[in-house]
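# A closer look at the structure
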Amino acid sequence: MQKTQVYVGDLPEDLVLKGSIAIDTEAMGLHLQRDRLCLVQMRDETGQVAMVHFSVGTGYHAPVLTKLLTDPSQLKIFHYARFDVGMIYRWLGVWCESIFCTKIASKLVRTYAQRHGLKDLCQELLSVELSKQAQSSDWGNETLSSVQLAYAASDVLHLHALKDRLEVMLDREGRFDLAQDLFKGLKSRVQLDLLGWDQDDIFSH
Ligand code: MN
């Protein structure tokens, strides 16, 4: 059974998360400018889960967490990194380094599919049924319920396995390098989001 720890305001200095890190965030909503970051969930390669809870009182000074997020030697696996990377920059003031996004990877290879949600990927690639019941809940609460914490953990549980499956497909379809380029370009996409070009395709005529 995996270990899950919830920390307040930052990770403890002596915590070691090993290898690549599956990561997700929960916020008050989906608006980068308006909505407050509430939770950052991480799972390492050994299955250890660590979450950092931010509430109104904690503020957003998290040097241990931000050191991990900006460490290029540890890959961060997101699903829809665009949102999480934006939230992290907006609230913690740092750009995540070394990114893999399972949603971008899915769009590049599962061109036969209409849906690229985490639930869809888990279902098709891993035969895992993911519950999204607690997705829309009050993440701003001072105390998070066990249902919320279990949901938050479940969002990072399968990202390593999904990455492994998607990498095989990216390689097979000759789109591995394109995926890497898109991951590196995420920072500029998020900068556009934060500057107000979130609805626009700047490459369009
Ligand atoms: Mn989530």
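First, a word on what this report is: a plain description of the structure on this page. Since the structure is predicted, the reported quantities are computational estimates derived from the model, not experimental observations.

## Things to note about the overall build of the protein chain
For the protein chain, the helix and strand inventory stands at seven helices and six strands. Listing each helix as α and each strand as β along the protein chain from the N terminus yields β-β-β-β-α-β-α-β-α-α-α-α-α. Its C-alpha atoms give the protein chain a radius of gyration of 16 Å, near enough to 17 Å, the size a compact globule of 205 residues would have. Overall, the C-alpha framework of the protein chain stretches about 45 × 40 × 35 Å when taken along its three principal axes. Within the protein chain, buried positions represent 49% of all 205 residues. The long-range share in the protein chain, meaning contacts at least 24 apart out of those at least 6 apart in sequence, stands at 65%. Within the structure as shown, the protein chain displays about 10700 Å² of accessible surface, and the carbon and sulfur contribution to it stands at 51%.

## Quick notes on the sheet that holds strand 3 (residues 37–43)
Pairing is mixed in the open sheet, where six strands are placed in the order 1-4-3-2-5-6. Where the open sheet ends on each side, the last strands, each with one partner, are strand 1 (4–8) and strand 6 (99–101). Strand-to-strand twist of the sheet, defined as the mean angle between neighbouring strand axes without regard to direction, takes the value 25 degrees. Pairing of strand 3 with strand 4 (residues 49–53), which is carried by five bridges, proceeds in the antiparallel orientation.

## Some thoughts on the coordination of the manganese ion
Each protein donor to the manganese ion is listed here as Asp24 (OD), Glu26 (OE) and Asp155 (OD); together their distances run 2.0 to 2.1 Å. Counting the intervening residues between successive donors of the manganese ion yields the motif D-x1-E-x128-D. Taken together, the residues span a long stretch of sequence, with Asp24 in strand 2 (residues 21–27) and Asp155 in helix 5 (residues 146–157) at a distance of 131 residues. Note on Asp24: relative accessible area 10%, which makes it buried.

## Considerations on the pairing of strand 2
Counted residue by residue, strand 2 has seven buried out of seven residues, so it is predominantly covered. Along strand 2, one buried face is formed by Ile21, Ile23, Thr25 and Ala27 and the opposite face, lined by Ala22, Asp24 and Glu26, is buried too. Sheet analysis places strand 2 next to strand 5 (residues 76–78), joined by two bridges and oriented parallel. Across the sheet, Ala22 pairs through a bridge with Ile77, a residue of strand 5. Taken together, the six bridges between strand 2 and strand 3 define a ladder with antiparallel strand orientation. Across the sheet, Ala22 pairs through a bridge with Arg43, a residue of strand 3.

Conventions we followed
- Residues numbered from 1 in each chain as written.
- Predicted model: local features only at pLDDT ≥ 70, side-chain atom pairs only at ≥ 80, totals over all residues.
- Heavy atoms only, no water.
- Helix = DSSP H or I, 4+ residues; strand = E, 2+ residues; numbered from the N terminus.
- Rg over C-alpha atoms; globule rule 2.2 N^0.38 Å.
- Buried < 20%, exposed > 50% of the residue type's maximum accessible area, 1.4 Å probe, protein only.
- Contact = heavy atoms within 4.5 Å.
- Areas by Shrake-Rupley, 256 points an atom, 1.4 Å probe, with all protein chains shown as cover.
- Pairing = 2+ DSSP bridges.
- Axes fitted to C-alpha atoms, helices over the stretch in contact; angles between N-to-C directions.
- Donors = N, O, S within 2.8 Å, 3.2 Å for Na, K, Ca; no water.

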